[in-house]
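Breakdown of the fold
The chain contents come next:
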Amino acid sequence: MTVIGIDDTDSRELGMCTTYLAARVAERVGAERRLLVRLNPAVEHKTRGNAALAIHTDADPDDAFEVAREAVAEAAATDDPRTNPGLVVAPGDPGAVPDSVAAFARRAVRERLDVEAAEAELDAAGYRHAGWKVGRGKIGALAAVGAWAGLGPAPDANGVDRDGSNAADGPGGEWTYECITYRERNRWGTPREVDADSVFEAADDAYPVVWDTVDRETGELVCVPHTPGPILHGIRGDDPDAVREVAEAIESEPVERRAVFVTNQGTDAHLRDAPLSAAANGRSYRTTGTVVDDPETRRGGHVFFAIEDGESRLDCAAFEPTKRFRDRVRALRAGDRITACGEASEDTLKLEKFAVRSLNRTELATPDCPDCGRSMESAGAGQGYRCRDCATTADGKIERAVDREIELGWYEVPPEARRHIARPLVRGGFDAPTHPER
């Protein structure tokens, strides 16, 4: 076996996509498997999804290297100053890479790594590699090579783990699938022709095994990108046959090629459990605290609040692109206890989802007069309250029950705002109840 790792060949402006280049290489070398690995979503150099690609093949390592190097040199968008491709080719079983390479893959999903660390690991492993410009893509390429062993469990082509169990049940991690359909080259950069009704019908038939295909509330075709690249649509789900069947059911412009990738999308592999005090910028967390003050909507429609755990405090935010999710955040109140998930950036946790653990169901209110029922007035600083008409008094504010517009359980951003690697609630694995966004 041989593993080919490729990363950072794409450009938002110039129209290339690393998955497309990997699909072409896979066809040339005769791939047994294509791997799409989402790395740390907080890395500043990434394009939107921060994907690295691996191809598992029976081709000779030297032949595979030459084919892949030629393809990258020919097609990578190196005219984009932010594009710095990397290529790694490793001989041997993809599930039996050195432990340090597997560990590098795990770190790349949650940390920010540098080219020097990748090259040191490459030299130690004896892998052939190539870089263009500063070669930053070597980081993702090496991570993709180590992903099969590092991110496990590793299913076979039919989605079954090596011990015969379902891949999603393994303790070390899990894999999902994406079927990506590509456009004819002369159509890149033009409006995509996709029949929306056929997308919604196919998505409804396959839900929830296939997820994040559409947003039923807004009518958005989540599976159809807006960038000028080669992807026509990408269908994600838990079953390889199901994602391909949905892709094939969509009516659209002519299709150039179609490929199914094994991927860590929709798994929350980027999140680490940590107390508030451990949250560091450039990483993603699952952490728990108590809401300090009622959320505040600021300029631009962004919603901010803070949580604390008795020792530390962390600002949290739901930004405008999360749309109706912000209404869930606005429904929080001081005293609510939540588990928050998201990326730490500029000392603020950018929310992807949260779980309400307990609700503050009371508030302090001005007392009513027991005789006439009217609201009392302040009698002066530190002097309590009094009724001007009845002369009754009260020592201070009282606790009053309040109706809440939110319940215990999980809440998430809508599909169109979800990170590729973030786990949708509909996939399960959360403590019930959940409130999944379709």
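Up top you'll find the structure we're talking about.
Residues numbered from 1 in each chain as written. Predicted model: local features only at pLDDT ≥ 70, side-chain atom pairs only at ≥ 80, totals over all residues. Heavy atoms only, no water.

**Things to note about the side chain of Glu-121**
In this fold, Glu-121 is placed in helix α4 (residues 115-125). Buried charge Glu-121 goes without a salt bridge, the closest partner of opposite sign being Arg-107 at 6.7 Å. Of note is the side chain of Glu-121, whose polar atom sits 2.5 Å from the side chain of Ser-100. Apart from residues no more than four positions distant in its own chain, Glu-121 is found in contact with Ser-100, Val-101 and Leu-142. (Helix = DSSP H or I, 4+ residues; strand = E, 2+ residues; numbered from the N terminus. Buried < 20%, exposed > 50% of the residue type's maximum accessible area, 1.4 Å probe, protein only. Lys, Arg positive; Asp, Glu negative; His and termini not counted. Salt bridge = Lys/Arg side-chain N within 4 Å of Asp/Glu carboxyl O. Polar contact = N/O pair within 3.5 Å; in protein donor to acceptor, adjacent residues only side chain to side chain. Contact = heavy atoms within 4.5 Å.)

**Here we look at the environment of Ala-318**
Within the secondary structure, Ala-318 is located in strand β14 (residues 313-318). Here the alpha-carbon distance between Ala-318 and Glu-352, two residues 34 residues apart in the chain, equals 8.1 Å.

**As for the pairing of strand β13 (residues 303-308)**
Across the six residues that make up β13, a large majority, five, are buried. When strand β11 (residues 284-291) meets β13, the two strands line up antiparallel, connected through two bridges. Note on β13: the bridge partner recorded for Val-291 is Ile-307. Relative to β13, strand β12 (residues 296-297) is paired through two bridges, and the arrangement is antiparallel. (Pairing = 2+ DSSP bridges.)

**A word on the sheet that holds strand β9 (residues 255-263)**
Judged by pairing direction, the sheet is mixed, and its nine strands sit side by side in the order β5-β4-β1-β3-β2-β9-β6-β8-β7 without closing on themselves. Among the strands making up the open sheet, the edge pair consists of β5 (128-131) and β7 (210-211). Relative to strand β3 (residues 51-57), strand β2 (residues 31-38) runs antiparallel, the two sharing seven bridges. Bridged to Val-37 within β3 is Ala-52. Across the sheet, helix α7 (residues 240-249) lies against β6 (176-183), β7, β8 (231-237) and β9, angled at about 25° from β6, the strand it touches most. (Axes fitted to C-alpha atoms, helices over the stretch in contact; angles between N-to-C directions.)

**What about the side chain of Glu-352?**
Looking at the secondary structure, you find Glu-352 in strand β16 (residues 348-358). Residue Glu-352 is classed as buried on the basis of its relative accessible area, which comes to 7%. Here Arg-419 takes part through its side chain, which lies 3.0 Å from a polar atom of the side chain of Glu-352. The residues touching Glu-352, leaving out its near neighbours within four places in the chain, are His-270, Leu-271, Phe-325, Cys-341, Gly-342, Glu-343, Glu-412, Val-413, Arg-419 and Ala-422.

**Focus on the packing of aromatic side chains**
By the definition in use, this model includes seven aromatic pairs. Ring centres of Trp-148 and Trp-175 lie 5.6 Å apart, and the angle between their planes is 25°; this geometry places the pair in the stacked category. You can see Trp-148 sitting in helix α5 (residues 137-150) and its partner Trp-175 sitting in the loop between α5 and β6, a full 27 residues away along the chain. Take Trp-148 and Trp-175: they sit in the same class, and that class is buried. Where Phe-304 meets Phe-319, the ring centres are 5.8 Å apart and the plane angle is 90°; that geometry is what we call edge-to-face. In this pair, Phe-304 is assigned in strand β13 and Phe-319 in the loop between β14 and α8 (325-330), connecting sequence segments 15 residues apart. (Phe/Tyr/Trp six-rings, centres within 6.5 Å; stacked < 30°, edge-to-face > 60°.)

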